[in-house]
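Per-entry structural report
Each chain, written out:
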Amino acid sequence: MKPATPIVSQAALSPKEHAHLDRCNRAIDQAETGFWDQGKALREIHGAKLYRPRTWEDFCLKVTLEKRWAFTAERARQLMGASEVMDVLAARRKAEKIATACCPLPANEAQARALVGLAPEQMWDAWQKALEASGRCPTGPAVAKAVEELTGRPPGAVPGEVSSATARLLGSMLPEDRHQLL
C-alpha cells in the first residue's frame, strides 16, 4: 500500500480553487474520451493540490462516498498515468506530423497503462513495436509484451526489476557469471 500523499498546506481552498475543482469534477463526470479526459482532470486536481486539506487518499474516498465518482486513490493514479501516456503519444504524433490513420493512439486504457512508467521515447518505441506486431489495434497484453521486449522488464516495473524470462535466465547462471553481467 502506498503511503498517504502528504498534505502540503492545511489551508482551505480559495474560491478560485473551488471553481477549478468544480470544473475538473464536471470534466470527470462528462468525460468525452473516457479515461483520457478523466485522467487529465484528476492530474489537474492532484497537481494543483485541489484536494486540500485532505490527503489524496481521503479526498478520493470522500468523493466516492458522496457518489460523485468512484475512484480509489490507486484507480485515480492509474487513470492519471494512462492519460499522461496519451498526452505524450499525441504530442509526439503531432510534432512529427504523422497522420492519425498511419499511427493511431491507444484506443483503450489497457493499451495506455501498459506504457506507464516508461520514458517518453520508450513509450513511443514500445507503442510503435506493438502496432507493427499486432496491426492497427494491439491488445493491452500485446503492448505489455512490446514493453517487455523493448526494456527487458515488465510494464510498470521499477528500474532494476527484470522480466520473468530474464529472472529465469539469471537464476540458471552461476553467481560469478551473473556478477559479470551486472
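Report follows, based on the coordinates. (Residues numbered from 1 in each chain as written. Predicted model: local features only at pLDDT ≥ 70, side-chain atom pairs only at ≥ 80, totals over all residues. Heavy atoms only, no water.)

This part covers the overall build of the protein. Summing up its helical and strand segments, the protein has nine helices and zero strands in all. When its helices and strands are written in sequence order, the protein yields α-α-α-α-α-α-α-α-α. The 182 residues of the protein split such that 35% are buried. Counted over contacts in the protein with a minimum sequence separation of 6, partners at least 24 positions apart contribute 60%. (Helix = DSSP H or I, 4+ residues; strand = E, 2+ residues; numbered from the N terminus. Buried < 20%, exposed > 50% of the residue type's maximum accessible area, 1.4 Å probe, protein only. Contact = heavy atoms within 4.5 Å.)

Within the largest apolar cluster, 42 residues are counted, with the highest numbers of intra-cluster contacts made by Leu42, Ile45, Trp56, Phe59, Trp69, Leu89 and Leu115. Elements supplying a minimum of two residues to this core: α1 (15-29), α2 (35-47), α3 (56-65), α4 (73-95), α6 (120-134) and α7 (140-151). At nine residues, the largest contribution of residues to this core is made by α4. (Core = buried A, V, L, I, M, F, W, Y, C linked by side-chain atoms within 4.5 Å.)

Moving on to the pattern of salt bridges. As enumerated under the stated definition, the model contains 13 salt bridges in all. We note a salt bridge from glutamate 57 to arginine 77, for which the minimum N-O separation is 2.4 Å. Highlighted residues: glutamate 57 in helix α3 and arginine 77 in helix α4, separated in sequence by 20 residues. Its salt-bridge partner being glutamate 66, residue lysine 62 comes within 2.3 Å of it at the nearest N-O pair. Judged by relative accessible area, which is 27%, lysine 62 ranks as partly exposed. (Salt bridge = Lys/Arg side-chain N within 4 Å of Asp/Glu carboxyl O.)

We now examine the environment of valine 116. Mapped onto the secondary structure, valine 116 falls in the loop between α5 (109-113) and α6. Separated by 31 residues in sequence, valine 116 and valine 147 have C-alpha atoms that sit 9.9 Å apart.

Moving on: the packing of aromatic side chains. This model, assessed by the stated rule, comprises four aromatic pairs. With centroids separated by 5.9 Å and ring planes inclined at 65°, the aromatic side chains of phenylalanine 59 and tryptophan 69 adopt a geometry described as edge-to-face. One end of the pair, phenylalanine 59, is in helix α3; the other, tryptophan 69, is in the loop between α3 and α4, with ten residues separating them in the sequence. For the residue pair phenylalanine 59 and tryptophan 69, the accessibility class agrees, reading buried in each case. Relative to phenylalanine 71, the ring of tryptophan 69 lies with its centre 5.1 Å away and its plane at 40°, an arrangement referred to as tilted. The same class applies to tryptophan 69 as to phenylalanine 71, namely buried. Chaining the aromatic ring pairs together yields one cluster made of Tyr51, Trp56, Phe59, Trp69 and Phe71. (Phe/Tyr/Trp six-rings, centres within 6.5 Å; stacked < 30°, edge-to-face > 60°.)

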